[in-house]
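Here is what each chain is made of, one letter per residue.
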Amino acid sequence: MKNLLFVTLLLLSARFGSAQTAEIRGHVVSDTKTPVIGATIRVKGTTRGSISDANGDFTLRANDRDTLQVSAIGYQPAEIAVVLGIRNIITLIDKQQDLNEVVVVGFGEQKKLALTGAISSVGTKELTQSPVANLSNALAGRLPGLTTLQTSGEPGYDGSQLWIRGMATFTGNQSPLILVDGVERSFGSIDANEVATVSILKDAASTAVYGVRGANGVVLVTTRRGTEGRSSITATVQQGVQMPTRLPKYLDSYDALTLYRTALNNDGKNSAMYTDEYLNKFRDRSKPSYEYLYPNVNWLDEMLRPSATMMQANINVSGGTSSVRHFVSLSYLRQNGLYNFADQIKDYDIQARSNRYNFRSNIDLDINKYLMMELNLGSIIRDNNFPPIGAGEIFGSLQAMQPWLYPMTNPDGSISALDSKAINPYGRMTQGGYQRNFENTLQATSGFTLQLPFVTQGLSVRGRLSFDSYGYRNVRRIKNLWTYQYSLADENETDLSKGTYRRIWEGTNTLSYEVSANSNRRTWLELYANYSRIFAQKHAVTGMLLYNQQSYFDQVATNDAIGGLPFKYNGFVGRGTYAYNDTYFAEVNFGYNGSENFPAGRRYDLFPSMSAAWIMSNEAFMKELSFVSLFKWRGSVGTVGNDKIGQRRFLYQSTWTLAADGYQFGRDYNGVKYGGAAEDMLGATNVTWEKALKYNLGMDLGFFNDALTFTGDAFYERRNNILAQPGTVPATLGITSLPYLNLGEVQNKGFELEAQLRKRFRNINYFIKGNVSYAQNKILQMDEPSYQDRPYIKRTGRSINEQYSMIAVGLFQSQEDIDASPDQSQYGRIIPGDIKFKDMNGDNVINELDRAYNGKLTVPTTMAGFAFGVNTGNLDVSVLFQGGFGGNVWLTGDAIWPFDGDVGVMADVKDNYWTPENANAKYPRLSSSKNVNNNQISTYWMTSRNYVRLKNVEIGYSLPKTLLSKIGVKTARLFVNGINLITWDKLKIFDPEIPNDSRNYPQQKVFNGGLTIGL
């Protein structure tokens, strides 16, 4: 599929003169400023014309009143006025809406005209606009039907979770199948400059060919290939600055302890020591000892840098002859982390850092007029460095650590600590060692295509063999800490060396040496027979029959005996299409395949689909509506499977384990027990894959020669055979390990809308486009009890990821309010300002029986994107807004709850906690220790994560050709761009895409600038 390019057709200058004929010079380029070779330029109303050469240049004779008509394959035709005396630079419009455009589909390609399924795509230009280290993060807001959630910004581990059309299973894998150049592979580490398109296949018509693997949708990544023409070299270098989109803020020692004094008073405890004089010492730095005896440490500020750098570089070469075409790309990425003090440690590096090297070579060779060969090679090498502990643990300790507990270091530079208190985060990060992780991915695909016109016109056969290998080697070097408590008898003493040190932790200066290494590998084989032919110029017929098999050894995931067994798939794929007069289209697809994960006799199944399309605008009765350039209906129905059903592999086999205490025999056993085996999990002999029945109805509209376009889809899915443990078998039967069975059923439905306007106003080309998608699921069956006395805990009829908790109904405002409400004393002493819970079962007592599904979902149900851009002269600007709606996040744990153990206090709590004067406060009343009632998981602590982001902005300037020609450069473009620049949301204190426990490396905003040169 051709790159999706923005529309531009401009004259750099204009002047009026007499109608005299002269030789004019011109240059034809695409809006990415690459030359358009072979463009036809004609003087309107004459026979005079020219063709652009390999550099996009042309000359012809015309006068300043003439109009030039410019056309090129793959671009929209245009007309411009001649300007004498200058080099006319013409930027052509890519035919994004040209229905003859080729679209990548499962196991092949189709003309966009003939598509009957639901497919959305994004091209190189949009992907490279986002300065991201993980390609998945460039997709947010660009593809209708795709839900993205990025919960971490840690170098090397910052990819997004992806869902296509939401969720439709509650125990199985919900992630889409991802294929790179037709082979199952991860795509997050691929450089965007290597990618031609990323497409998502959403309905049964487009995914049925994947059979047992396609129920969750498919992501197809197609890398770039060479085209016939002079070799072109493109080099890009860019440098970016990363900053957290949002970090939580915590109170300093003075404010936090002031609130602690209030909390003690609320609890009726002694707060006498927390006098104003005492608290002021945590702010007073007039005496040297106060820094150590009355510490005030902002741990997030101290341990994190405000920003970190990221650098990317790519060089690629593309071109070829009529018989050999090539694309070769080499990339480097360096992403640095935010951790502070890394440059002050001489012995090792604690900084989070990811170095990535990408290589890709795609070669197409026409051996003769019948036989063609492809050879694709790719390699991804990662060299990562991290502190000795994980990012979740680091940020959890930084967020929860009390600022007044102890200083980062003692006066002599030793690591400070206190007995039975949390370990010093500074010491853990800087004095505990480091980790070095190495990864190497090798991807190789070779294939041959043989045309067989001597058998029958349109027949060909094809074979492809792929081998992928992944390996890692992780080195972990750890040492223990030496920590000390510093004391000073007289806090007025100015000589801090008179203080004493008491050892808290005894460590070692010797780094340990731990190495772990493993690998996996995948082999992939495909054998095709393809047929494509047009009869009588109106009847177009295509067909495909394919055999596919793969074997995947995943020793990385597990080292047990079962883990050593390969995952295997094989089967047949078929497709047949018919089109009449480019107006009526019909398509049948099927996948007949299976998996070794199921019992013999139940390993294969047929997954068929049918689809049709009608281009109503080609009918005679529509010809009068000249402003309608396209009116197309699409519809599909079919079944698709999902073999990643959850739980362990080979569920049809019963498992055994060693008896915990052994067995006793005889009457006089004298307490002697003999070892033996015990039945563990019963096998489910009829276990099978999930099966999804999918319906899709779509419409494609184009107006005013496709200047305005619209696409809409409505879908419905019913998935059954979802794995669930029987819930209606009573425990009185004595069965303690019920097998998981295919008992579940889920309904999923929604819609997607996308619209786009592309216009030219004088010398300005602009576009506006937007998309919105919605998906909502409901559990129809999962074999659970009726729960007639507590229907609120029944999952049937609810959404898959609906949350389970206590239902909060506000805060108690008075003792009278407490007395008149159901008894909550099970959770401790209740006083005004505590959270009030709903009595779900009506027994006038609040306890665990009142937990219920609360109607709140964590993953957004609605995703939206809105983009616009302009291109004038050598300047181009594009902007993308992206949003997610319908999701919620839990704000729970010691990083959130004040004084829930030895923790600090969020700044958001100050002036926002309940008092009689502040009855509508955001937070409940303060407690001096863990408040069992208020710290229940309840809807009180669930907050909407609805958000809108200024996701991406790019401004580019292409240097004038007249300047570049003097230094032998074809094109040069300076650009600045950014991602996650501004976020509007209700959450405020955290980024709205944080994980539910809020403890993770923050998502990053990036400001980036670079230069692209074409030779």
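Residues numbered from 1 in each chain as written. Predicted model: local features only at pLDDT ≥ 70, side-chain atom pairs only at ≥ 80, totals over all residues. Heavy atoms only, no water.

**Some details on the overall build of the protein**
Move 1: For the protein, the count of helices and strands is 10 helices and 51 strands.
Move 2: The C-alpha radius of gyration of the protein comes to 33 Å, within 12% of the 31 Å expected for a compact globule of 1015 residues.
Move 3: For the protein, the spread of C-alpha atoms along the three principal axes comes to 100 × 80 × 60 Å.
Move 4: Classification of the 1015 residues of the protein by burial places 54% in the buried group.
Move 5: If you take every contact in the protein between residues at least 6 apart in sequence, the share linking residues at least 24 apart comes to 71%.
Move 6: Working note: accessible area of the protein is about 43,600 Å², and carbon and sulfur atoms make up 54% of it.
Move 7: Side chains of the protein give 102 positive and 94 negative charges; the mean places of these two sets differ by 8 Å. (Helix = DSSP H or I, 4+ residues; strand = E, 2+ residues; numbered from the N terminus. Rg over C-alpha atoms; globule rule 2.2 N^0.38 Å. Buried < 20%, exposed > 50% of the residue type's maximum accessible area, 1.4 Å probe, protein only. Contact = heavy atoms within 4.5 Å. Areas by Shrake-Rupley, 256 points an atom, 1.4 Å probe, with all protein chains shown as cover. Lys, Arg positive; Asp, Glu negative; His and termini not counted. Charge placed at Lys NZ, Arg CZ, Asp CG, Glu CD.)

**Observations regarding the pairing of strand S29 (residues 514–535)**
Move 1: Direction of pairing for strand S26 (residues 459–478) relative to S29: antiparallel, over a ladder of 18 bridges. The residue bridging tyrosine 470 from the neighbouring strand is asparagine 520, located in S29.
Move 2: Note: S29 against strand S30 (residues 539–554), 16 bridges, orientation antiparallel. Opposite leucine 525, over in S30, you have glutamine 549 as the bridge partner.
Move 3: The turn joining S29 and S30, which pair antiparallel and follow one another in sequence, is formed by three residues; a positive phi near 55° is taken by alanine 536. (Pairing = 2+ DSSP bridges.)

**Concerning the side chain of asparagine 384**
Move 1: By secondary structure assignment, the location of asparagine 384 is in strand S23 (residues 371–386).
Move 2: In terms of polar contacts, asparagine 384 uses its side chain to reach the side chain of serine 354, at 2.9 Å.
Move 3: For asparagine 384, the contacting residues outside a window of four places in its chain are Arg353, Ser354, Asn355, Gln435, Arg436, Asn437 and Glu439. (Polar contact = N/O pair within 3.5 Å; in protein donor to acceptor, adjacent residues only side chain to side chain.)

**Some details on the nonpolar core**
Move 1: Leu259, Trp299, Met303, Tyr339, Leu891, Val909 and Phe990 are the most contacted members of the largest nonpolar core, which has 66 residues in total.
Move 2: Elements with a contribution of two residues or more to this core: helix H3 (253–266), helix H6 (299–303), helix H7 (391–400), helix H8 (425–430), strand S42 (808–811) and strand S43 (835–837).
Move 3: When residues in this core are grouped by element, the largest group, seven residues, is from H3.
Move 4: Excluding anything up to four places from it in sequence, methionine 303 contacts Leu338, Tyr339, Asn340, Phe341, Leu398, Met408, Pro425, Tyr426 and Met429. (Core = buried A, V, L, I, M, F, W, Y, C linked by side-chain atoms within 4.5 Å.)

**With respect to the sheet that holds strand S28 (residues 500–505)**
Move 1: The three strands are arranged S24-S27-S28 in an open sheet whose pairing can be described as mixed. Both outer strands of the open sheet, strand S24 (415–416) and S28, are each paired with one neighbouring strand and no more.
Move 2: Looking at chain direction, strand S27 (residues 483–487) and S28 are connected through five bridges and run antiparallel. The residue of S28 that forms the bridge with tyrosine 484 is arginine 503.

**Description of the environment of glutamine 443**
Move 1: If you trace the backbone, glutamine 443 turns up in strand S25 (residues 433–451).
Move 2: Judged by its relative accessible area of 5%, glutamine 443 falls in the buried class.
Move 3: In this structure the C-alpha to C-alpha distance between glutamine 443 and arginine 360, which are 83 residues apart in sequence, comes to 9.0 Å.
Move 4: Excluding residues within four positions of it along the chain, glutamine 443 makes contact with Arg185, Arg360, Asn376, Leu377, Gly378, Phe467 and Asp468.

**Description of the environment of asparagine 696**
Move 1: Structurally, asparagine 696 is set in strand S37 (residues 690–703).
Move 2: Counting along the chain gives 294 residues from asparagine 696 to phenylalanine 990, while the straight-line C-alpha distance between them is 38 Å.
Move 3: Apart from the residues within four sequence positions on either side, asparagine 696 is in contact with Ala118, Arg165, Asp203, Arg634, Gly635, Ser636, Asp713, Ala714 and Phe715.
Move 4: At a separation of 2.9 Å, a polar atom in the side chain of asparagine 696 contacts the side chain of arginine 165.
Move 5: For asparagine 696, the side chain forms a polar contact with the side chain of aspartate 713, separated by 2.8 Å.

**Side note on the pattern of salt bridges**
Move 1: Per the counting criterion, the structure on display carries 49 salt bridges.
Move 2: Notably, a salt bridge pairs arginine 185 with aspartate 468, separated by 2.5 Å at the nearest N-O pair. Taken together, the positions of arginine 185 in the loop between strand S16 (183–184) and strand S17 (195–201) and aspartate 468 in strand S26 put the pair 283 residues apart, joining distant regions of the chain.
Move 3: Bridged by salt links that share partners, the residues Glu184, Arg213, Arg522 and Asp643 form one connected network. (Salt bridge = Lys/Arg side-chain N within 4 Å of Asp/Glu carboxyl O.)

**Examining H3**
Side chains of residues three or four places apart in an α-helix project in the same direction, reflecting 3.6 residues per turn.
Move 1: For H3, spanning 14 residues, the distance from its first C-alpha to its last is 20 Å, which sits close to the expected 20 Å at 1.5 Å a residue.
Move 2: Buried residues of H3: Ser253, Tyr254, Asp255, Ala256, Leu257, Thr258, Leu259, Tyr260, Ala263 and Leu264, and no others.
Move 3: In the core, the buried residues of H3 are packed alongside helix H4 (276–280).
Move 4: One or two steps after H3, the chain reaches glycine 268, where phi turns positive at roughly 70°. (Expected span 1.5 Å × (residues − 1).)

**Examining the sheet that holds strand S8 (residues 87–91)**
Move 1: The strand order across the open sheet formed by three strands is S4-S1-S8, and the pairing between neighbours is mixed. Each edge of the sheet is formed by a strand with only one pairing partner; in this case those strands are strand S4 (57–63) and S8. Along the sheet, successive strands turn relative to each other by an average axial angle of 35°, direction set aside.
Move 2: Strand direction decides the pairing type here: strand S1 (residues 21–29) and S4, joined by seven bridges, are antiparallel. Within S4, the residue paired with threonine 21 across the bridge is asparagine 63. (Axes fitted to C-alpha atoms, helices over the stretch in contact; angles between N-to-C directions.)

**Examining the confidence of the model for the protein**
Move 1: Taken as a whole, the protein shows an average pLDDT of 90; of its residues, 95% reach a score of 70 or greater.
Move 2: When mean pLDDT is compared element by element in the protein, S43 scores highest at 97, while strand S9 (residues 93–94) scores lowest at 66.
Move 3: Under a pLDDT of 50 for its full length, residues 1–19 has, in the predicted model, 81 contacts with residues more than four places off or in other chains. (pLDDT = per-residue confidence, 0-100.)

**Focus on a nonpolar patch on the surface**
Move 1: Nonpolar side chains collect at one region of the surface, where Ile233, Ile315, Val324, Leu330, Phe359, Ile363, Leu375, Leu377 and Leu1015 lie side by side and expose about 660 Å² of accessible area between them.
Move 2: Listing elements by their share of the nonpolar patch, those giving two or more residues are strand S21 (324–336), strand S22 (353–366) and S23.
Move 3: Its location among the elements puts valine 324 in strand S21. (Patch = residues over 30% accessible without salt bridge, like charges linked within 9 Å, V, L, I, M, F, W, Y side chains within 5 Å.)

**As for unusual backbone geometry**
Move 1: Within the chain, arginine 165 stands out as a residue other than glycine whose phi angle is a positive 55°.
Move 2: If you trace the backbone, arginine 165 turns up in the loop between strand S14 (161–164) and strand S15 (177–180).
Move 3: What makes arginine 165 buried here is its relative accessible area of 7%.

**Considering H7**
Move 1: Most of H7 is tucked away, with eight of its 10 residues classed as buried.
Move 2: Within H7 the residues assigned to the buried category are Ala391, Ile394, Phe395, Gly396, Ser397, Leu398, Gln399 and Ala400.
Move 3: In this structure, the buried side of H7 is in contact with H6 and H8.

**With respect to the side chain of glutamate 690**
Move 1: Structurally, glutamate 690 can be placed in strand S37.
Move 2: Taking the relative accessible area as the measure of exposure, glutamate 690 reaches 0% and is therefore buried.
Move 3: Within the structure, glutamate 690 has its side chain in polar contact with the side chain of threonine 169 (distance 2.6 Å).
Move 4: A distance of 2.9 Å separates the side chain of glutamate 690 from the side chain of asparagine 642, its partner in a polar contact.

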